[in-house]
Amino acid sequence: MVFLSLFLGLLLMTVSENDAAERIEALVIPHSHMDVGWVYTVQESMHAYASNVYSSVVEELSRVKGRKFIAVEQEFFRLWWVNVATDWHKKQVRQLLNEGRLEFIIGGQVMHDEAVTDVDDAILQLTEGHGFLYETFGVRPRFGWHVDPFGASATTPVLFALAGFDAHLISRIDYDLKDDMQKNKKLQFVWRGSPSLKEKQEIFTHTMDQFSYCTPSYLPFSNRSGFYWNGVALFPDPPKDGVYPNMSLPVTKETLELYAQTMVENIKQRAQWFRTSHVLWPWGCDKQFFNASVQFTNMDALMNYINAHSDKYGVTVQYATLQDYFQTVHQTNLSWDVRGNQDFLPYSTEPFQAWTGFYGSRNVLKGVARRASSLLYAAESLFTRYRISFPEGPVQREWALDKLKTLRWAVSEVQHHDGITGTESPKVADMYMEHLMQGMMGAEELLAAIFLLPQTVSNDINHTPQTRSTTVKTNSVNVLEQHVIVYNPLAWNVSTYINISVAYAMAVVLDDDGKAVPSQIQQSMESSTAYDLFFVVELGGLQYRKYIVQFPQLPCDTGSVCGAAHAARVVRFEKKNVSQWKRTGRKLLPVLNECYKLMFDQETNLLHSITDRREKMRVRVQQDFWEYEANGDVHSGPISDNYIFTANGSAIPAYKSVAMEIVPGKVVSEIRQYFYREEEDEKHTYSVVTRVPLGFKGRLACFRLEQSYKVGPLEMNRETVFRTRTSLKNNRTLFTDNNGYQMMKRTHKTFVNNTVARNYYPMVRAAYIEDDSSRVVFLSERAHGVASLSQGQLEVMLHRRLWNNQEWNLGYNLTLNDSSVVRPVLWMMLGSPSALSSLYQQEALELQHRPVVMPIDQPQKQWNPRGFVQPVVLPQNLHMQTLSIPGWSYSPDHTQHLHSLNSGGETNSEMDFDRILLRITHLYEEGEDPVLSQPTVINLKEVMRGIGEVTQVQERSLTGTWIKSELKRWSWKTNESVLKGEQTDFFSSTTQDFNVTIYPKEIRTFFIYFK
C-alpha cells in the first residue's frame, strides 16, 4: 500500500513536470528597479524619473483593468506619496492595492545589501518600510525580491521568514553555480538559513535565471533594446518632447510577429530551467516605467497577439504580481530540495570578476554608517527610558521623535546595495554622508537635552546645552573642570575604559559620588598639544553616570584623589629598516596584562608572539601591512574597481621601515607602530596602535586587545591589507560572520583563475581562524573583506584606492579614487576555541555599542538623575536588540486598524508614545556552548523593572506588523517534510505572568506597555 501511494505520487509529479514541456504559462511581472543612490542622488532620481514611475503607473493601471505592477524600494514611493501624489493618485493606490493589481514587494526602505550590512540595520530598514506601509495602507508584504545585491546571505531568508514572508527571490549568485543549477532545474529550493532555527524559519526561494531581473534587451530585428518602449531615463531633466534615448521600436503590424517570436523563444528557454510550467518573466529593468503609458500600450498589443495564437506558440502570457507567481507554484504541491544554512558568498560573474572588492570599498562611509547606527541604538533606548520616567518632561516628545526618525531614515537609506557597499559615485557617497551626519547631530542634540533638561526649569527645547569647559573655585585654587556623561546602551553590566582628548598634561577623574576613578593621561600621538585621557567606567545595563574631569594647575598630592591618576610616559625605540633585519626573535620586549603576554621584537619593531596566561598557551603572531597592486588598464588585463577585486599577483609588503613607541600604563599599555613606505620617508603611511587593558582581571575587557589603524592616503591602484601570520594550523580555513547574526565556515578553494579574490569574504562583526588548541578572533566596528590565504594567516582589507579606464566606470564615475585616510578599529582575542566561543559574541556587541561619551556644561544645580538610571540587565546569552518608541499610530489590532483606514482613508491618528518596541535575540547556536546555548527563560516584567512597571506584552512578527499568533505562513513540501510533524514548535508566546523562553538564535519581537 505504501509502495502504491509512493508510485501514484511519483506518477502525479511526473505528469506535472512533463506537462511543463508542453504547455507554458508566462507570468509577466512589470517592475522598475530604482536604486536609492548608486550613480545619481535620490533628489536627482526623483526629478528625472522616479516620481513619473509612480504617477504614470498608477494612472495606467487605473485605466486598464488587467494591468499589474510590483513596487519594491519604499524610499522613492514614500517621497512620491508625501510630496507628489495627488488626492486622486492616493485614492487609486488604495483601490489598486485592494484589487491586488499593485503589490508592495519586500517593503523595506531599500533593497539592502546582504554582504556588508549588519543584521540590526537590515531589520531597521525593513521595519521602517513595513511600518509606513501598514500604517498607511494596512498591507503587509509577503515576498522577497532581492534581485540586485551582490551575493546572497543566509541571514536574509531568516529575517524575511520572521517578518512573515511566504517566499523569497534572489538573483546574483556565482556564474558557474547558476549554470549548474539551471541545467539541473535546481533554481528553486526551500532555504533553512539558520542551523538552529531549521525548518521553523525556512522559506521557499526562487533563483532568477541567467537573464536576471531585466527583460532580454537584444532584438534580432532591431538595433535598439527590446521591450523598453519608454527608452532610457534622461538626467538631469526629462525631455520636454517626451522622446527618450533608445526607445524600443513600437509594436506595429510590421513588428508584432517579430516581437512575439522573440518573447516566446525567451519564455521557452527559461521554462527549460524550472520544474513547473509557470515561467516568471520579469518585465522591466533599471529606471523603467517612467512612461507607463507607452510601456503598457505596446505590451498589451503584444500579449493579446501571443494569447490569440497560443496554439501556435504553445505559450500563454498574463500580467502578474509576485504573489500570483508564487501562489501558482505553491499550488503545484511539488516537493522541493532543502538548502541548509549555506550562503551564496562570494559572488563572481566571470573568472576574473570576483565581486569581493566592495567588502572594503569606501571604508570611511562604512564606518560612519555603523557609528550612526550605534548612536541611533543608544538614543532610542535613552529616549524610551526618559519617556517612561518623565512622561511630561521638558523634552518635547514630538521633537524628540522627529530627531530619531531623521536618523532612522539615514541609517536605513545607506543600507542600499549600492550604498554601504561603497559602489556608488562620489556625489552619492556625499549624499549618504550628509544625511548620516545630519541625523547624528540631531540625535546628539536629543541626548544632550535628555541628560540636562530634567534638571532645569527651561522648557525651550531649541536651547541645547553647549559642550565646553567651565572654571570653578576649589580650595582657593582655580581648577578647570569638564563634566562628562557616559551612557551604556547595552542591557549588560559593562566594565571598560573610555578615552577622551584633553588639552592639559594632568587630570583627575571623579565619579558621581565624588570618588576618584583610576585614570591615565599621556601625550597624544596625533598632536603635540593634546593628551589622551583614559579612565575606567563601571556601568549597569542602560545606565548612565556623570564623571568630573579636573585639571589641576598646581602640583597634585599623590596622597589625595590624584593617587588614582597616572601620568604615563612615552618610550621611543629606534626605527628599524627591513633591509637591516638580521637575527630576529632574540631581543623580545614583554607587554603584559592579567590575560595576555605580548612579546615585541626589538630587531623588527613587530609583534612576535602572544601568550594566553590563563591557559599557558603561546602562539607566534606577526602583524604588518601589505598591498595588492591593481591593474587600471582594461587593455592590459583584468582590473579592480569599486565592485571587483582582481589580485594582480601576490600582495607585497607595504613598508621598508618600522618605528615603535610603547606607553606603559595603569589603565592601558599602548604600543604604537609606524610603517614607512620608504626608508627615507619622514611621514609614515600606516600606523597601528595596540591597547592592552590593565586591571580588568576576570572581566570581559581583559580579553580584548584593541587595535586602531591609520591607513592612507594610498598611492593610486593600491589595495591595503593588515596581515596577521600565526603558528596556527588552520589549513587556510576561515570563519566569518553573516551580517553579525551567524558564523560561516569558509574552506579555502582553488580556482583556475583569480583564487585570491574568490577566497575573500565579508566580515561585518567577526572573523577567526583556529586549530585544535587555539583560536585567534578579530572583531570589527565596520565591514571589511577578509581571507586566509596561507597556513595560520588572516588578512583584513582596510582600504582601497583605484582608477581604471573602463568606459562604463568612467562614464558613471565609479572608479573609486578614494584619497581619504581611514581609521578603523579591530579587537583581537586569543585563546582556546572553547574559551572564546563563550566570549566573542558579547565582545562584538561591546565593540559596536561602546559607551556614549558626552561632555556637558557644569550643571547649575546639583546633578540628580533621581530613579532614572536603574540598571536593566539581561543574561549573557541574550541581547536587547531594540528598545524604541516607533511612534506608529496604527492600532495593534489588525481588524480595528483596517476599519479605521476604511472609514477615514489615510489615518490621521496621533502618534502612539506608549507603545514600546522590544526585540531580544539569543546570541548562540545550538551546541555552540554547553551553558550559553541553552534556552533561556526571562520574565519581561522583572527584566524591565529598572525602567518601569510593565502592564502588557504582545508578541509580534519581526517588523511588528503581525500579532505573532495570527501569522500563518505558507508551508512548502520538501523531501524532509516527514520530519515536520515530529518537531516541537518552541516558538511559544509569553505566559500570563510575563515569562518567555528564548531558544538559540531566536529573534523575538514584542510590543510592551508600561504603567
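Structural data are supplied above this passage.
Here, residues in each chain are numbered from 1, in the same order as that chain's written sequence. For a predicted model such as this one, the threshold for reporting local features is a pLDDT of at least 70, and the threshold for listing and counting side-chain atom pairs is 80 or more; totals across whole chains, interfaces and linings nevertheless cover every residue. Values reported for side chains reflect all heavy atoms of the structure, with hydrogen atoms and water molecules removed beforehand.

### Here's the deal with the packing of aromatic side chains
Rule in force here: Only Phe, Tyr and Trp rings are paired, with Trp represented by its six-membered ring, and only when their centres lie within 6.5 Å; those with planes under 30 degrees apart are stacked, over 60 edge-to-face, the remainder tilted. A run of H or I in DSSP counts as a helix once it spans at least four residues, and a run of E counts as a strand once it spans at least two, with each numbered from the N terminus. Burial classification: accessible surface area is computed with a 1.4 Å probe over protein chains only, and a residue below 20% of its type maximum counts as buried, one above 50% as exposed, and the rest as partly exposed.
In this structure the tally under the stated criterion is 68 aromatic pairs. Seen in terms of ring centroids, F189 and F344 are 6.1 Å apart; in terms of plane orientation they differ by 35°. Their pairing is tilted. Placement of the pair is F189 in strand β5 (residues 188-191) and F344 in the loop between β9 (338-339) and β10 (348-350), with a sequence separation of 155 residues. Accessibility classification places F189 together with F344 in one group, the buried group. With 5.4 Å between their ring centres and 20° between their planes, W888 and Y890 make a pair best called stacked. On the basis of relative accessibility, which here comes to 7%, the residue W888 falls in the buried class.

### Description of the nonpolar core
Which entries qualify depends on this criterion: Nonpolar cores are built from buried Ala, Val, Leu, Ile, Met, Phe, Trp, Tyr and Cys residues. Side-chain atoms within 4.5 Å join them into one set. Should any heavy atoms of two residues lie within 4.5 Å, those residues are considered in contact.
Core analysis: the biggest nonpolar cluster contains 154 residues, and F227, M263, W283, M299, L302, M880 and M944 have the highest contact counts within it. Excluding residues within four positions of it along the chain, M944 makes contact with V872, M880, L883, V950, I1008 and F1010.

### As for the pairing of β5
Rules: Pairing between strands is defined by DSSP: at least two bridges between them are needed.
Burial along β5 is two-sided: the residues Q188 and V190 and F189 and W191 are all buried. Bridge count for β5 against strand β6 (residues 203-207) is four bridges, and the pairing is antiparallel. Bridging across to β6, Q188 finds its partner in H206. Alignment of β5 against β9, held across two bridges, turns out to be parallel. By the bridge assignment for β9, W191 is matched with R339.

### Examining unusual backbone geometry
Going from F235 to P236, the amide bond is cis rather than trans, its omega being 0°. Among the secondary structure elements, P236 is positioned in the loop between β6 and α8 (256-271). Here the amide bond leading from L345 into P346 is cis, since omega sits at -5°, within 30 degrees of zero. By the secondary structure assignment, P346 is in the loop between β9 and β10. You will see that I106, though not glycine, has its phi angle at about 65°, which is positive. Relative to the assigned elements, I106 resides in the loop between β3 (102-104) and α5 (119-137). Judged by its relative accessible area of 1%, I106 is buried. The residue N813 is not glycine, and still its phi comes out positive at about 55°.

### Remarks on the packing of helix α13 (residues 397-413) against helix α14 (residues 426-452)
Keep this limit in mind: All axes here are fitted lines through C-alpha atoms, helices being fitted over the stretch that makes contact, and every angle between N-to-C directions spans 0 to 180 degrees. Oblique is the label for any angle not under 35 degrees, not over 145, and not in the 65 to 115 range, which are roughly parallel, roughly antiparallel and roughly perpendicular in turn. By convention, the crossing between two helices is left-handed when the near helix turns anticlockwise from the far helix through less than a right angle, and right-handed when the turn is clockwise. Any residue that is not Ala, Val, Leu, Ile, Met, Phe, Trp, Tyr, Cys, Pro, Asp, Glu, Lys or Arg is counted as polar, Gly included; the first ten are nonpolar and the last four charged.
Contact geometry for α13 and α14: axes closest at 8 Å, N-to-C directions at 150°. With respect to α14, the axis of α13 lies roughly antiparallel. Like other packed secondary-structure pairs, α13 and α14 cross with a definite hand, here left-handed. In contact with W399, A400, K403, L404, T406, L407, A410, V411 and E413 of α13, α14 contributes M431, Y432, H435, L436, G439, M440, G442, A443, E445, L446 and A449. Of the residues in the contact of α13 with α14, the class split is 13 nonpolar, four polar and three charged.

### Comments concerning the sheet that holds strand β29 (residues 705-711)
Ordered in space as β20-β26-β27-β28-β29-β38-β35-β34-β31-β32, the 10 strands form an open sheet in which the pairing is antiparallel. A single partner strand is all that each edge strand has here, and the edge strands are β20 (571-577) and β32 (742-746). Adjacent strand axes in the sheet meet at a mean angle of 20° when their direction is disregarded. Where strand β26 (residues 657-663) lies against strand β27 (residues 668-676), seven bridges are found, and the strand directions are antiparallel. In the sheet register, S657 faces β27, and the bridge partner there is Y676.

### Details of the pattern of salt bridges
Side chains that carry opposite charge are capable of pairing whenever their charged atoms lie near each other. Put simply, the rule reads: Salt bridges, as used here, are contacts in which a Lys or Arg side-chain nitrogen is within 4 Å of a carboxyl oxygen on Asp or Glu.
Counting across every chain of the model gives 56 salt bridges. Between D324 and K68 there is a salt bridge, and its shortest N-O distance comes to 2.7 Å. One end of the pair, D324, is in helix α11 (residues 322-331); the other, K68, is in the loop between α2 (42-63) and β2 (69-71), with 256 residues separating them in the sequence. Taking the relative accessible area as the measure of exposure, K68 reaches 17% and is therefore buried. One salt bridge in this structure joins E257 and K312, with 3.2 Å as the shortest N-O distance. Of this pair, E257 sits in helix α8 while K312 sits in helix α10 (residues 310-313), and the two are 55 residues apart along the sequence. A relative accessible area of 54% places K312 in the exposed class. It is possible to trace a salt-bridge network through shared partners that takes in R572, E661, E670, R672, R691 and E706.

Function-wise, these values are silent; they only describe arrangement.
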